[in-house]
Protein chains: 2
Amino acid sequence: MENLVLISEEELRLRCGRLQSLMEAVGMNGMLISDNANMLALCGRIFAGYIWIPATGLPVWFVRRPVELGGMNVVYIHKPEQIPAHLGEEVSRGGFTVGLELDVTAYSHVERLKSLFPEASVANASAVLRMWRAVKTPGQIEMMRKSGMKHAQIYRKVGGLYSPGMTDHELQVELERLSRLQGCLGVFRISGSSMELFMGNVIAGDNADNPTPYDFAMGGAGLDPALPVGADGEEIREHTTVMIDLNGNFTGYMTDMTRVYALGSVSQLALDAHRCSIDICRRFVDMARPGVAAKELYAMAEDLVKERGLGRYFMGHRQHAGFVGHGIGIEVNEAPVIAPRSRDILAEGNTVALEPKFVIPHVGAVGIENTYLIKSDGVECLTPCDEEIVPLV
Amino acid sequence: MENLVLISEEELRLRCGRLQSLMEAVGMNGMLISDNANMLALCGRIFAGYIWIPATGLPVWFVRRPVELGGMNVVYIHKPEQIPAHLGEEVSRGGFTVGLELDVTAYSHVERLKSLFPEASVANASAVLRMWRAVKTPGQIEMMRKSGMKHAQIYRKVGGLYSPGMTDHELQVELERLSRLQGCLGVFRISGSSMELFMGNVIAGDNADNPTPYDFAMGGAGLDPALPVGADGEEIREHTTVMIDLNGNFTGYMTDMTRVYALGSVSQLALDAHRCSIDICRRFVDMARPGVAAKELYAMAEDLVKERGLGRYFMGHRQHAGFVGHGIGIEVNEAPVIAPRSRDILAEGNTVALEPKFVIPHVGAVGIENTYLIKSDGVECLTPCDEEIVPLV
């Protein structure tokens, strides 16, 4: 029988212990989670069911599917109503506070879960889980590094995939294929249901200026109004750029990475904006340390952009995004968020995708994106690869 | 300025009118929706924002993003708290019932939306929306037909993509590429957050018997415990089957379709089970009419399976799925559900994916899946393609 928990005992104690410290800090006496991303973060696998996290001690794993999982504290159930019988008496005492994932679980399912704890008060566990997931353990950092190395390898091969007359969509499909053959899982996890993307965003020329409904850094019209983002099937034209921002999910822990390619020469404005993006990334590497406020990092980027007179192109042109970076790991929209009013403070173990980008009319999108690991004494780039604009030939 | 509504006025009146009839039937005086799938179903596009559906008259479109959409009743907002000022006074009168998408919207977002209607009672609109989406309009049926034709064309080319020594994953990647080049949007929409799949499921040989946590008809271990379903990277072996169940989302309206390929000869048991699947589909085509109970169709399938002594392999072997078919359209898990305790009754305009499948140990998965349109006087197959097991050469 296969063990449910797929990480080492040491990793499990580390992950669980940190979550319990955060629970203690907010006075939460137990937590019931079922979100796939939170599950994967705790035990290294996704299963259908629930995890009970007590204030102290090890989790209880309530499994509906798949069959035949084993290990300590694994309990098979058909429905959540069977859970309370397996928990200690303290959950039915007054004053007990149970955390539920109120920011991600559907309203009617939360109502059902609340009824399992009629005597307890219910608290929103989402903020605690967000803080917990933002700090990666050594085991999680290893998964991020592995994704980043594979991710960067794909980008080095873009030139070889291009042939004259190709559309943005055709180039994207060849990149998807290469990436999948190298083991990319494809799936692009985003917290919340309103954001959607297939395997990444490839935007060529003026399509970069088509606004999208989604809250991504860049837009694009997409192939169809049913998925209005990214490549729109237009041929890649001379003197324009192609921005490639493809899914780096090789391990369940994703890296985020963007590079720019150009067909023929592009305008000085585009070159200047791309240089500004690289410079922002370099300053980030110098500045980003545990304890630094995320909004200070946004201000640094904004100041440099203003100094160079590039404000009207920064993070979009017809439509502007309101952030310049975001935490990443199992999902693409983790903490910390690098935005003007962000209250996040950088911590050791954060993994941050920084993406200062510009849309230059009649040229396209420029700028880079790297995933950075925040360490005690510096920053490690998890997506190392040449950052200049690469000619497509 | 581009029009927000992308469907004809006639289609909009039809879609909106039917939803309003269902609202009237349950005493709902207004409805606020923001789920991407429900939005796409109403206006033919996804945008960030909300749609207000009054009991009579046309919807009000509250848009956060993208910029620059126009048309009747389009209102730009920054936050949902701006919505009530644009609605009639009746929403703040006692006795007003407002519908919200309680089965899909996160708990904390629903709490926020409830506070917009302090005098109203809140009802769960999810069941009404599910009934509404289950019946496709002529415009939606046209989109399904288009997806089905393209979907079937892909399956006819599987043999040409196979080369000896290939793994299941490598074959899947070539199919993904072909499908994407033909215009497949890739994204595979599923209602609820616990179900996940990349672009489809390709399962070869005994991997079919690896149970998955997800509620799909078939399993497979997947490449990684971070996405435990489908191809596991094993080489396709002589005397085994490859089941191909790939995403048919070419228009925002998906078809679902499965065919089986085999390397060399396979056991008589596998051939018999595949025949049984085809026979169940034929009986479905004879029986499925408006007014027929979904559970009767499940019973028909189960009876035939028992009659042929194939029960232990039906819908899985180590782990069994509890249904044999499901509605499909914008999402893969729409109504009606063809399951033993389903309360759904077939209606004209339903589109149903029927997938009687079997897992034969040491051979693999067999059986077919087609998407069928329920018409007043019969059934139309939207995924027409040879149904026998196709040799891989």
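The structure reproduced in this document is the subject of the present report. (Residues numbered from 1 in each chain as written. Chains lettered and ligands numbered in written order. Predicted model: local features only at pLDDT ≥ 70, side-chain atom pairs only at ≥ 80, totals over all residues. Heavy atoms only, no water.)

## Focus: the overall build of chain A
Within chain A, the regular secondary structure consists of nine helices and 21 strands. Whereas a compact globule of 393 residues would reach a radius of gyration of roughly 21 Å, chain A reaches 22 Å, a difference of no more than 12%. Relative to its full complement of 393 residues, chain A shows a buried share of 62%. Of the contacts formed within chain A by residues at least 6 apart in sequence, a portion of 67% connects residues at least 24 apart. Looking at chain A as shown, the accessible area adds up to about 14500 Å², and 51% of this sits on carbon and sulfur atoms. Charge centroids of chain A, computed over 36 positive and 48 negative side chains, lie 3 Å from each other. (Helix = DSSP H or I, 4+ residues; strand = E, 2+ residues; numbered from the N terminus. Rg over C-alpha atoms; globule rule 2.2 N^0.38 Å. Buried < 20%, exposed > 50% of the residue type's maximum accessible area, 1.4 Å probe, protein only. Contact = heavy atoms within 4.5 Å. Areas by Shrake-Rupley, 256 points an atom, 1.4 Å probe, with all protein chains shown as cover. Lys, Arg positive; Asp, Glu negative; His and termini not counted. Charge placed at Lys NZ, Arg CZ, Asp CG, Glu CD.)

## Details of the pattern of salt bridges
Residues and elements named next belong to chain A. Applying the stated criterion across every chain yields a total of 46 salt bridges over all chains. The closest approach of N and O atoms between Glu334 and Lys136, which form a salt bridge, is 2.7 Å. With Glu334 in strand 15 (residues 334-338) and Lys136 in the loop between helix 4 (126-134) and helix 5 (138-155), the pair connects residues that are 198 residues apart, well separated along the chain. The exposure classification of Glu334 matches that of Lys136, with both residues buried. Through salt bridges with shared partners, one network takes in Arg133, Lys136, Glu331 and Glu334. (Salt bridge = Lys/Arg side-chain N within 4 Å of Asp/Glu carboxyl O.)

## A look at unusual backbone geometry
Here the bond from Ala335 of chain A into Pro336 of chain A is cis, since omega is -5°, no more than 30 degrees from zero. Within the fold, Pro336 of chain A resides in strand 15. A positive phi angle is found at His362 of chain A, which is not glycine, with a value near 70°. Within the fold, His362 of chain A resides in the loop between strand 17 (357-360) and strand 18 (364-367). Positive phi is not limited to glycine here, since His239 of chain B has a value of about 65°. Turning to its location among the elements, His239 of chain B is positioned in the loop between strand 9 (200-204) and strand 10 (240-246).

## A word on the relation of the copies chain A and chain B
Laying chain A over chain B is done by rotating through 180° and shifting 0.0 Å along the axis; what remains is an RMSD of 0.0 Å. This pairing of chains is accounted for by a two-fold axis. In this assembly the copies share their binding face: 100% of the residues contributing to the interface of chain A also contribute to that of chain B. (Least-squares fit on C-alpha atoms with pLDDT ≥ 70 in both.)

## Re the interface of chain A and chain B
The accessible area lost on association of the parts is a frequent measure of interface size. Facing the 58 residues of chain A at the interface are 58 residues of chain B. Here chain A and chain B share an interface that buries about 4700 Å² over both sides, 57% of which is from carbon and sulfur atoms. In this assembly, chain A and chain B are joined by 10 salt bridges. At the boundary of chain A with chain B, the tally comes to 32 residue pairs in polar contact (both at pLDDT 80 or more). Within the residue set of the side of chain A that touches chain B, elements represented by two or more residues are helix 2 (36-43), helix 3 (107-114) and helix 7 (168-181) of chain A. When residues in the side of chain A that touches chain B are grouped by element, the largest group, nine residues, is from helix 7 of chain A. For the side of chain A that touches chain B, a count of residues per class yields 27 nonpolar, 15 polar and 16 charged. (Buried area = accessible area lost by both parts, 1.4 Å probe. Polar contact = N/O pair within 3.5 Å; in protein donor to acceptor, adjacent residues only side chain to side chain. Nonpolar A, V, L, I, M, F, W, Y, C, P; charged D, E, K, R; others polar.)

## Quick word on the packing of helix 8 (residues 268-287) of chain A against helix 9 (residues 294-307) of chain A
Residue and element names in this part refer to chain A. Axis separation between helix 8 and helix 9 bottoms out at 10 Å; the angle between their running directions is 145°. When the axes of helix 8 and helix 9 are compared, the crossing they make is right-handed. Residue-level inspection shows Cys276, Asp279, Ile280, Arg283, Phe284 and Met287 of helix 8 in contact with helix 9, the latter providing Glu296, Leu297, Met300, Ala301, Leu304 and Val305. (Axes fitted to C-alpha atoms, helices over the stretch in contact; angles between N-to-C directions. Left-handed = near helix turned anticlockwise from the far one by under 90°.)

## Section: the sheet that holds strand 8 (residues 121-124) of chain A
Residue and element names in this part refer to chain A. Pairing within the open sheet is mixed, and its six strands lie in the order 6-4-3-2-7-8. Pairing within the sheet leaves two strands with one partner each, and these edge strands are strand 6 (74-76) and strand 8. Strand-to-strand twist in this sheet, taken as the mean axis angle between neighbours without regard to direction, amounts to 25°. On top of the sheet, helix 1 (residues 9-25) reaches strand 2 (30-33), strand 3 (48-54) and strand 4 (60-65); it is set at about 65° to strand 3, its chief contact. (Pairing = 2+ DSSP bridges.)

## Examining the environment of Pro164 of chain A
All names here are of chain A. With respect to the secondary-structure elements, Pro164 resides in the loop between helix 6 (158-161) and helix 7. The exposure class assigned to Pro164 is exposed, which follows from its relative accessible area of 75%. Sequence separation between Pro164 and Ile389 is 225 residues, and the spatial gap between their C-alpha atoms is 18 Å.

## Points about the environment of Glu302 of chain B
Residue and element names in this part refer to chain B. Within the secondary structure, Glu302 sits in helix 9 (residues 294-307). Residue classification places Glu302 among the partly exposed residues on the basis of a relative accessible area of 29%. Residues Glu302 and Phe314 lie 12 residues apart in sequence; the distance between their C-alpha atoms is 8.6 Å.

## With respect to the sheet that holds strand 2 (residues 30-33) of chain B
Two modes of strand pairing occur in sheets, parallel and antiparallel, and in both the strands are linked by backbone hydrogen bonds. Residue and element names in this part refer to chain B. Strand order in the open sheet formed by six strands is 6-4-3-2-7-8, with mixed pairing between adjacent strands. Each edge of the open sheet carries a strand with a single partner, namely strand 6 (74-76) and strand 8 (121-124). Strand-to-strand twist across the sheet, computed as the mean angle between neighbouring axes with direction ignored, equals 25°. Contacting strand 2, strand 3 (48-54), strand 7 (97-100) and strand 8, helix 3 (residues 107-114) crosses the sheet at an angle of about 155° to strand 7.

## Remarks on the side chain of Glu355 of chain B
Residue and element names in this part refer to chain B. Turning to its location among the elements, Glu355 is positioned in the loop between strand 16 (351-354) and strand 17 (357-360). Side chain to side chain, Glu355 and His326 meet in a polar contact 3.1 Å long. When residues no more than four places from it in sequence are discounted, the contact partners of Glu355 are Ala217, Asp245, Met315, Phe323, Val324, Gly325, His326, Ile368 and Glu369.

## Quick word on the packing of aromatic side chains
By convention here, two paired aromatic rings are described through the distance between centres and the angle between planes. Per the stated rule, a full pass over the model turns up 12 aromatic pairs over all chains. On the numbers, 5.4 Å between centres and 45° between planes, the contact of Phe314 of chain B with Phe358 of chain B is tilted. Here Phe358 of chain B lies in strand 17 and Phe314 of chain B lies in the loop between helix 9 and strand 14 (325-327), a separation of 44 residues in the sequence. Phe358 of chain B carries the same exposure label as Phe314 of chain B, and that label is buried. Here the aromatic cluster, defined as three or more aromatic residues joined through ring pairs, consists of Trp52, Phe96 and Phe117 of chain A. (Phe/Tyr/Trp six-rings, centres within 6.5 Å; stacked < 30°, edge-to-face > 60°.)

## A few points about the side chain of Asn38 of chain A
Looking at where Asn38 of chain A falls in the secondary structure, it is placed in helix 2. The residues touching Asn38 of chain A, leaving out its near neighbours within four places in the chain, are Ile33, Glu101, Leu129, Trp132 and Arg133 of chain A.

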